[in-house]
Amino acid sequence: MVVNHLRRPGPQWTAAFLTLVVTIGLAVTTGTASAAPSMTVTTALATQNGQTATVVGYVAGEPTGANTVLRSAFTGDTAIAIADAASETGTPRMLYVQVTAAYRGTFGLRTNPGLMGRSVTVTGTLTAYFSHGGLKSPTAMVLTGAPPTQPPTSTPTPAPTSSGGPYDATYYRDATGKTGPALRGALHAIVKVQTRLTYDQVWDALKSTDQDPANPGNVLLLYTGQSKSKAQSGGGVDDWNREHVWAKSHGDFGTATGPGTDVHHLRPCDVSVNSTRGNKDFDTGGSPVGEAPGNYTDADSWEPRDADKGDVARMIMYMAVRYEGEDGWPDLEMNQSVTNGSAPFIGKLSVLLRWNLSDPPSAFEKNRNQVIYDSWQGNRNPFIDHPEWAGAIWGS
């Protein structure tokens, strides 16, 4: 029989076996074992594909909603938010980590508020949590590094508005000095890292991004400049609704999470003016639009008022760079046509380039870009920060 050929293990084999057992036992106890590749929070937010990964970050608070993270007065032990910097307060740059029962005694913030600012390594599944970029079903959670000498300031996030302050100077580091296709590729890699909103969340986002500086209870409408109550949103004739500046039929992407919910090109707009614009391309000329003085339209094109020309151009340019045919979405491009129909194209490129030059970014547009970055998507429209990059990519 085979068993007659088995030999009693010697001392060397026994020691090796015991070492292996102890190592496995420690890994299960402390959660240090993982074959998954290690990545940053920024990379994890851009890789929400259901794969298993190990993410390294700093504990930044307790997530309680898609855009809300508590940094004090913690209410539970079931989730933590981690970020690439211990001082991070922008929820779009945080990864929401599920804390299951096995880890709550050590990693729950209500029980362990001193975790704030600590470095943590977590292995789990890259998938949405609280409708936000997340890491669920952890198989390992490990604290690394010493506690911070001075905990981060305890303030709730996100801030409801933004002062339009400076952004991290390293944000465009990989695009600096490039032109043409190299610049476009670098910008795409930068701006595709974002928090993706649902279409319902867009309502709240627009009330923040397009708030009237002179009347916090109102939003400013695209094409008319009218200030209208935030509460007057909906489908009524005197309401405002969500205008897709890159018409959603140009690529047939609808309102599912993705280009159809990207607030960099979604703006509050009078319901009937939105309907009149429809899915027309952009060009000069046509007949005056009675409800929106300064705007012109014909059978296949729309010309916005002068104050919105640059805004429209830069929103279209952002979409063309952000959506390059990945993640199941169409490759959006600008062209010279005004009869694009359902193709993933919008024109006219030459006109949009002129509008970018004739109407530079306003204080309102810059603040809007900052609010989206700080409080909603965590990415920026590079053509608001650097209008000159439009010519560097597409020519003048």
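Q: Explain empty space enclosed by the protein here, please?
A: Over the atoms rolls a probe the size of a water molecule, and its path tells where empty space is left. Scanning the model with the defined rule gives 1 cavity of 30 Å³ or more in all. Of the pockets and cavities examined, the largest cavity occupies roughly 60 Å³. Around the largest cavity sit H264, R267, D311, M315, E365, R368, N369, I372, N381 and I384, which together line it. For the lining of the largest cavity, the secondary structure elements donating two or more residues are α7 (306-322) and α9 (363-376). Ranked by the residues each element gives to the lining of the largest cavity, the list is headed by α9, at 4 residues. When its residues are assigned to classes, the lining of the largest cavity shows 3 nonpolar, 3 polar and 4 charged.

Q: Which parts of the structure should I look at to understand the confidence of the model for the protein chain?
A: Should pLDDT be low for a region, the predicted coordinates there are not to be read in detail. This prediction gives the protein chain a mean pLDDT of 86; 84% of its residues lie at or above 70. Of the regions scoring below 50 in pLDDT, residues 1-35 engages in 14 contacts with residues more than four places distant in sequence or in other chains. Across residues 148-165, confidence stays below pLDDT 50; counting only partners more than four residues off in sequence or on other chains, it has 34 contacts.

Q: Looking at this structure, I do not really get the pattern of salt bridges. What am I missing?
A: Pairs can form between side chains of opposite charge once their charged atoms are near each other. Scanning the entire structure with this criterion turns up 18 salt bridges. Linking D327 and R196 is a salt bridge whose minimum nitrogen-to-oxygen distance equals 3.8 Å. On the criterion of sequence distance, the pair formed by D327 in the loop between α7 and β17 (333-335) and R196 in the loop between α4 (180-191) and α5 (199-209) is long-range, its members being 131 residues apart. We classify D327 as exposed; its relative accessible area is 55%. Among the residues examined, R196 registers a relative accessible area of 29% and is labelled partly exposed. Put simply, D385 and R380 hold a salt bridge, and the shortest N to O gap is 2.8 Å. With relative accessibility at 21%, the residue D385 sits in the partly exposed group.

Q: Looking at this model, I keep getting lost on unusual backbone geometry. Mind explaining?
A: Negative phi characterises most residues that are not glycine, and trans characterises most peptide bonds. Note the cis peptide between G347 and K348, where omega equals -5°. Tracing the chain through its elements places K348 in the loop between β18 (345-347) and α8 (349-358). For D327, which is not glycine, the phi dihedral falls at a positive 60°.

Q: Is there a simple way to explain the environment of N369 in this structure?
A: By the element assignment, N369 lies in helix α9. Residue classification places N369 among the buried positions, given a relative accessible area of 1%. For the pair N369 and P382, spaced 13 residues apart in sequence, the C-alpha to C-alpha distance is 9.1 Å. The contacts of N369, once residues within four sequence positions are left out, are H264, R380, N381, I384 and D385.

Q: I'm lost on the side chain of T47 in this one. Help?
A: Note that T47 resides in the loop between α2 (41-45) and β2 (52-65). In terms of polar contacts, T47 uses its side chain to reach the backbone carbonyl oxygen of T43, at 2.6 Å.

Q: Would you mind going over the packing of α4 against α7 with me for this structure?
A: Any two packed helices are characterised by how steeply their axes cross, that is the angle between the axes, and by the distance between the axes. Across the interface, α4 lies against α7 with an axial gap of 8 Å and an inter-helix angle of 90°. Judged by the angle between their axes, α4 and α7 are roughly perpendicular. Contacts from R184, L187, H188 and V191 in α4 reach Y318, A320, V321 and R322 in α7. Its residues placed into classes, the contact of α4 with α7 shows 5 nonpolar, 1 polar and 2 charged.

Q: Would you explain the sheet that holds strand β8 (residues 211-212) in this entry?
A: Backbone-to-backbone hydrogen bonds pair the strands of a sheet. The strands run either parallel or antiparallel. The strand order β8-β9-β10 describes an open sheet built from 3 strands, whose pairing is antiparallel. Either end of the sheet is taken by a strand with one partner, and the two such strands are β8 and β10 (227-229).

Q: I would appreciate a short explanation of the packing of α5 against α9 in the present structure.
A: Running from amino to carboxyl end, α5 crosses α9 at an angle of 135°, the nearest separation of the two axes being 9 Å. Between α5 and α9, the angle is such that the two are oblique. In this structure, α5 meets α9 at a crossing whose hand is right-handed. In contact with Q201, D204, A205, L206, S208 and T209 of α5, α9 contributes F364, R368, V371, I372 and W376.

Q: For this particular structure, what's the right way to read the pairing of strand β5 (residues 94-98)?
A: Strand residues, when the strand is regular, have side chains that alternate between the two faces of the sheet. The buried fraction of β5 is high, at 5 of 5 residues. The side-chain alternation of β5 yields two buried faces, one formed by M94, Y96 and Q98 and the other by L95 and V97. Of the strand pairs in this sheet, strand β4 (residues 79-83) and β5 are connected by 5 bridges, and their pairing is antiparallel. Residue pairing in the sheet places I82 in a bridge with L95 of β5. Pairing of β5 with strand β7 (residues 134-144) involves 2 bridges; the strand directions are parallel. Residue Y96 lies in a different strand from β7, and its bridge partner there is G134.

Q: Sorry, what's going on with the packing of aromatic side chains here?
A: Ring pairs (aromatic) are described by centroid distance and by the angle formed between their planes. Using the criterion set out here, one finds 10 aromatic pairs in the structure. With 4.8 Å between their ring centres and 80° between their planes, Y171 and Y172 make a pair best called edge-to-face. Here the two residues Y171 and Y172 agree in accessibility, since each one is buried. Linked through ring pairs, Y171, Y172, Y373 and W389 together constitute an aromatic cluster. Over the aromatic face of Y199 sits the side chain of R242, whose NZ or CZ is 3.6 Å from the ring centroid. Over the ring of Y373 we find R380, and its NZ or CZ is 4.9 Å from the ring centre.

Rules used throughout
The written sequence of each chain sets the order in which its residues are numbered from 1. Local features in this predicted model are restricted to residues of pLDDT 70 or higher, and side-chain atom pairs are both shown and tallied only at a pLDDT of 80 or more, whereas totals for entire chains, interfaces and linings draw on every residue. With hydrogens and water stripped out, all remaining heavy atoms of the structure feed into the side-chain values. Only protein atoms enter the 1 Å grid, on which a cavity is a set of points fitting a 1.4 Å probe that cannot get out and a pocket is an open set with protein on both sides within 12 Å along at least 5 of 7 lines, lining residues being those with an atom within 4 Å of a point. Grid points are joined across faces, edges and corners, and a volume is the space filled by probe spheres set on the points. To qualify as a helix, a DSSP run of H or I must reach at least 4 residues; to qualify as a strand, a run of E must reach at least 2; elements of each kind are numbered from the N terminus. Amino acids are sorted into nonpolar (Ala, Val, Leu, Ile, Met, Phe, Trp, Tyr, Cys and Pro), charged (Asp, Glu, Lys and Arg) and polar (every other residue, Gly among them). Confidence per residue, as judged by the predictor, is encoded in pLDDT with a range of 0 to 100. Note on contacts: a residue pair qualifies if any of its non-hydrogen atoms lie within 4.5 Å across the two residues. Definition used for salt bridges: Asp or Glu carboxyl oxygen within 4 Å of a side-chain nitrogen of Lys or Arg. Burial status follows relative accessibility: with a 1.4 Å probe on protein chains alone, a residue under 20% of its type maximum counts as buried, one over 50% as exposed, and anything between as partly exposed. Residues adjacent in sequence count toward polar contacts only when both atoms are side-chain atoms; beyond that, a polar contact is any pair of N or O atoms within 3.5 Å, and within protein one must be able to donate a hydrogen and the other to accept it. Axes here mean lines fitted to C-alpha atoms, for a helix over just the part in contact, with angles spanning 0 to 180 degrees between N-to-C directions. Relative orientations are named as follows: roughly parallel for angles under 35 degrees, roughly antiparallel for angles over 145 degrees, roughly perpendicular for angles from 65 to 115 degrees, and oblique for any other angle. Any two strands are treated as partners once DSSP identifies two or more bridges connecting them. Handedness of a crossing is defined here by the sense of rotation of the near helix relative to the far one, left-handed for an anticlockwise turn of less than a right angle and right-handed for a clockwise turn. Only Phe, Tyr and Trp rings are paired, with Trp represented by its six-membered ring, and only when their centres lie within 6.5 Å; those with planes under 30 degrees apart are stacked, over 60 edge-to-face, the remainder tilted. Consider the ring centre and the ring normal. A charge sits over the ring if Lys NZ or Arg CZ is within 6 Å of that centre and within 35 degrees of that normal.

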